[in-house]
Amino acid sequence: MRIDIMTLFPDMCRAYLGESVIGRARAAGKVQIECTDIRDFTKDKHRRVDDSPYGGGMGMIMQAQPIYDCFMSICKKTGAKPHLIYLTPQGKTLTQQRVKELAKLDNIALLCGHYEGVDERVIEELQPEEISVGDYVLTGGELPALIVADAVSRMIPGVLSSDECFTEESHYSSLLEYPQYTRPYEWRGRQVPEVLVTGHHANVEKWRREQSLIRTAARRPDMLEKARLTAKDIKFLSDLK
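The text that follows walks through the structure, step by step, so that each part is easy to find.

**Digging into the nonpolar core**
- Counting 29 residues, the largest nonpolar core has I3, I5, L17 and L110 as the members making the most contacts within it.
- Residue assignment for this core shows that the elements contributing at least two residues are β1 (2–7), α1 (10–17), α2 (20–27), β2 (32–37), β5 (83–93), α4 (96–102), β6 (107–112) and α6 (142–153).
- Here this core gets 6 residues from one element, more than from any other, and that element is α6.
- In this structure L110 touches I3, D4, I5, M6, I85, L87, A145, V148 and A149, once residues within four positions along its chain are discounted.
- Listed in part, the 20 residues of the second largest apolar core include F41, I67, Y86 and V122.

Rendered as structure tokens:
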């Protein structure tokens, strides 16, 4: 899979993408992530890519032409038209389900907005999918783009050691993950739940499922509506009330 990030701060993105799991996955060729500087496509001798808004108002607006030419350059390099995503607070909130769907694509491009946004005409021209990472505002789209790149990359086969690394995590199955423990067995008077040290795998799985249900019901009851619950799950939740 190839992911292209269209940004004004490529070095900022590369610093993150060169580290940890994603950095190793890139080095191993499991995923290709490229960062392209939108400023490279401006026609302004001072490398400006923004201007004041028509109609007045605070802040600056990113111009359509550099963004459009940047995307066209990526299309030419890849020999295809990547699925374009514009990171914006006005987009639909990113979900694990959408991440799973995006991970099945061959190419995606992520457009990082800045200032007060981008010229609406390039949105109309390119028709990107608009995604938000939450109901808050950041100074730019780089962090949201990295979130999308990270979330999608780790779903690609071979990036993590096994599928269980993500299939049992929070949100993957519309349930929050169960509590996790490691050595030592006792810390500040708190012991690891006994079931986890018995070696009885069936009981461990039962405990983990129940803990996921308890956490989800307490912290994110809205998620239970989307979760695939068994008859045992429904009875367990009913008994909690």
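**Details of the pattern of salt bridges**
- Under the defined criterion, the tally for this structure stands at 12 salt bridges.
- The shortest N-O distance in the salt bridge between K206 and E210 comes to 2.7 Å. Here the residue K206 and the residue E210 both occupy positions in helix α8 (residues 201–219), the gap between them amounting to 4 residues, near one helical turn.
- Here R209 makes a salt bridge to D233, at a shortest N to O gap of 2.6 Å. Separated by 24 residues along the polypeptide, R209 in helix α8 and D233 in helix α9 (residues 231–240) bring together distant segments of the chain.
- Note on D233: relative accessible area 6%, which makes it buried.
- Each member of the salt-bridge network shares a partner with another, and the members are D37, D40 and R47.

**Digging into α1**
- Those residues of α1 lying buried are P10, C13 and L17. The arc that holds every buried residue of α1, seen down its axis, measures 65°, which confines them to one face.
- The secondary structure elements touched by the buried residues of α1 are β1, α2, β2 and α6.

**A closer look at the environment of D69**
- Topologically, D69 is positioned in helix α3 (residues 64–78).
- For D69, a relative accessible area of 24% gives the class partly exposed.
- Residues D69 and A217 lie 148 residues apart in sequence; the distance between their C-alpha atoms is 48 Å.
- Not counting chain neighbours up to four residues away, the residues in contact with D69 comprise F41 and K43.

**Description of the sheet that holds β6**
- Taken in spatial order, the 5 strands make up an open sheet running β2-β1-β6-β5-β7, and their pairing is parallel. Whereas interior strands pair on both sides, the edge strands pair on one side only; in this sheet they are β2 and β7 (129–132). Taking the axes of each pair of neighbouring strands and ignoring which way they run, one obtains an average angle of 30° across the sheet.
- Strands β1 and β2 of the sheet are contacted by α1, whose axis makes an angle of about 160° with β2.
- Where α6 meets the sheet, its contacts fall on β1, β2, β5 and β6, and the angle it forms with β1 comes to roughly 175°.

**Overview of the environment of E129**
- Along the polypeptide, E129 turns up in strand β7.
- In this structure, the C-alpha to C-alpha distance between E129 and P144, residues 15 residues apart in sequence, is 14 Å.
- Not counting chain neighbours up to four residues away, the residues in contact with E129 comprise H83, L84, I85, Y86, R98 and L102.

Cut-offs applied
Residues numbered from 1 in each chain as written. Predicted model: local features only at pLDDT ≥ 70, side-chain atom pairs only at ≥ 80, totals over all residues. Heavy atoms only, no water. Core = buried A, V, L, I, M, F, W, Y, C linked by side-chain atoms within 4.5 Å. Buried < 20%, exposed > 50% of the residue type's maximum accessible area, 1.4 Å probe, protein only. Helix = DSSP H or I, 4+ residues; strand = E, 2+ residues; numbered from the N terminus. Contact = heavy atoms within 4.5 Å. Salt bridge = Lys/Arg side-chain N within 4 Å of Asp/Glu carboxyl O. Arc of directions from axis to C-beta. Pairing = 2+ DSSP bridges. Axes fitted to C-alpha atoms, helices over the stretch in contact; angles between N-to-C directions.

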